[in-house]
Amino acid sequence: MLRPTHTDGPRVSVSQITTLAASFADDVRTYADAGLDGIGIWELKLAEDGDDAAALEQFEASGLEAASAVAAVPSILPLPLLGPPDDPAERLESLLASLHRLAAFRPSGVVCLTGSGDGRDADEARATVVDGLRQLGAEAEKLRLRIALEPY
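Our subject in this report is the structure included herewith. Since the model is a prediction, treat every value here as computed from it, not as a measurement.

### Brief notes about the environment of Gly-50
Thinking step 1. Structurally, Gly-50 can be placed in the loop between β2 (38-42) and α2 (53-62).
Thinking step 2. On the accessibility criterion, Gly-50 (40% relative accessible area) is partly exposed.
Thinking step 3. Gly-50 sits 51 residues away from Arg-101 along the chain, and the two C-alpha atoms are 8.0 Å apart.

### Points about the pattern of salt bridges
Thinking step 1. Applying the stated criterion to the full structure yields eight salt bridges.
Thinking step 2. A single salt-bridge network, built from bridges that share partners, covers Arg-11, Asp-37 and Glu-65.

### Remarks on the packing of aromatic side chains
Any pair of aromatic rings gets described here by the distance separating the centres and the angle formed by the planes.
Thinking step 1. Tallied over the entire structure, the rule returns two aromatic pairs.
Thinking step 2. Among the aromatic residues, those joined into a cluster by ring pairs are Phe-24, Phe-59 and Phe-105.

### Concerning helix α3 (residues 88-103)
Thinking step 1. An ideal rise of 1.5 Å per residue puts 22 Å on 16 residues; α3 measures up with 22 Å between its terminal C-alpha atoms.
Thinking step 2. Along α3, the residues classified as buried are Pro-88, Arg-91, Leu-92, Leu-95, Ser-98, Leu-99, Arg-101, Leu-102 and Ala-103.
Thinking step 3. The elements touched by buried residues of α3 are β2, β3 (65-75), β4 (110-113), α4 (122-143) and β5 (147-150).

### Points about the packing of α3 against α4
Thinking step 1. Contact pair α3 / α4: the axes reach a minimum separation of 10 Å and the direction vectors enclose 20°. Between α3 and α4, the crossing angle belongs to the class labelled roughly parallel. Handedness of the α3/α4 crossing: right-handed. For the pair α3 and α4, the contacting residues are Pro-88, Leu-92, Leu-95, Leu-96, Leu-99, His-100 and Ala-103 in the first and Thr-128, Gly-132, Gln-135, Leu-136, Glu-139, Ala-140 and Leu-143 in the second.
Thinking step 2. Partitioning the contact of α3 with α4 into residue classes produces nine nonpolar, four polar and one charged.

### Overview of the sheet that holds β4
What links the strands of a sheet is backbone hydrogen bonding, and the strands pair in either a parallel or an antiparallel sense.
Thinking step 1. Strand order in the open sheet formed by five strands is β1-β2-β3-β4-β5, with parallel pairing between adjacent strands. Single-partner strands in this sheet number two, and they are β1 (13-15) and β5. On average, each strand axis in the sheet is inclined to that of its neighbour by 25°, with strand direction left out of account.
Thinking step 2. Pairing analysis gives four bridges linking β4 to β5, with the strands arranged parallel. Within the sheet, the bridge partner assigned to Leu-113 lies in β5 and is Glu-150.

### Regarding the environment of Phe-59
Thinking step 1. Relative to the helices and strands, Phe-59 is located in helix α2.
Thinking step 2. Phe-59 sits 22 residues away from Asp-37 along the chain, and the two C-alpha atoms are 12 Å apart.
Thinking step 3. With residues up to four places along the chain from it excluded, the contact list for Phe-59 reads Phe-24, Val-28, Ile-39, Ile-41, Leu-64, Glu-65, Ala-66 and Phe-105.

### Quick notes on the pairing of β3
As a general feature of sheets, a regular strand has side chains that alternate between the two faces.
Thinking step 1. Note that β2 and β3 share five bridges and pair parallel. When the sheet's bridge partners are listed, Ile-39 is paired in β3 with Ala-66.
Thinking step 2. As for the winding sense of the linkage, the β-α-β connection from β2 through α2 to β3 is right-handed.
Thinking step 3. Summarising the sheet, β3 and β4 pair through three bridges and their orientation is parallel. Counterpart to Ser-75 in the pairing with β4 is Leu-113.

The rules behind these values
Position numbers for residues count from 1 along each chain, tracking the sequence in the order it is written. Since the coordinates come from a predicted model, pLDDT governs what is reported: local features require at least 70, and pairs of side-chain atoms require 80 or more to be given and counted, while whole-chain, interface and lining totals use all residues. Just so you know, side-chain values use all the structure's heavy atoms and leave hydrogens and water out. The numbering of helices and of strands both runs from the N terminus, where a helix is a DSSP run of H or I of at least 4 residues and a strand a run of E of at least 2. Only protein chains enter the calculation, and the probe is 1.4 Å; a residue is then buried if its accessible area is under 20% of its type maximum, exposed if over 50%, and partly exposed in between. Any carboxyl oxygen of Asp or Glu within 4 Å of a side-chain nitrogen of Lys or Arg constitutes a salt bridge here. Only centres within 6.5 Å qualify two rings of Phe, Tyr or Trp (six-membered ring in Trp) as a pair; their planes then separate them into stacked at under 30 degrees, edge-to-face at over 60, and tilted for everything else. To estimate the expected span of a helix, subtract one from its residue number and multiply by 1.5 Å. Here, two residues are considered to be in contact whenever any of their heavy atoms come within 4.5 Å of each other. Here an axis means a line fitted to C-alpha atoms, over the contact stretch when the element is a helix, while the angle between two N-to-C directions is reported on a 0 to 180 degree scale. Here roughly perpendicular refers to angles of 65 to 115 degrees, roughly parallel to angles under 35, roughly antiparallel to angles over 145, and oblique to all remaining angles. Note: crossing handedness is left-handed where the near helix turns anticlockwise from the far helix by less than a right angle, and right-handed where it turns clockwise. Under this grouping Gly is polar, as are all residues other than the nonpolar Ala, Val, Leu, Ile, Met, Phe, Trp, Tyr, Cys and Pro and the charged Asp, Glu, Lys and Arg. Pairing between two strands requires that DSSP report at least two bridges joining them. Here, the term right-handed applies to a crossover whose path from the first strand over the helix to the second runs clockwise when the strands point away from the viewer.

These figures come from the coordinates and say nothing about function on their own.
Spelled out as structure tokens, the structure:
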């Protein structure tokens, strides 16, 4: 696999969502062969059974860094195009579990979207997001992770 030859200047990574149809292994191989510095890992590309040993081995052997990571359920409130669960408590539970899974890849940050408060009282939606972010932040701190917030 080719490694970046530049020693200064911008570092370059690609998010796996751009190659949605490819497997995690294909993405790692392709991105490393292209000489990229990093990869934006999407949990939905990892094994459904949660066994990430092979993915971690491929990732570590590639020399890529995890520029970011995105959980399978990436927001506290639902998003129009990303499906269930609809209950913010279930979404938060999933996000918290994802932090533990994604921590093994040592991402620079785990992207969290606020989600859409459509149909919810604005004050209630805000309170739900703020509480969720506090819980995510506390868990991320224990795991030595950063949360990268994307308001939606």
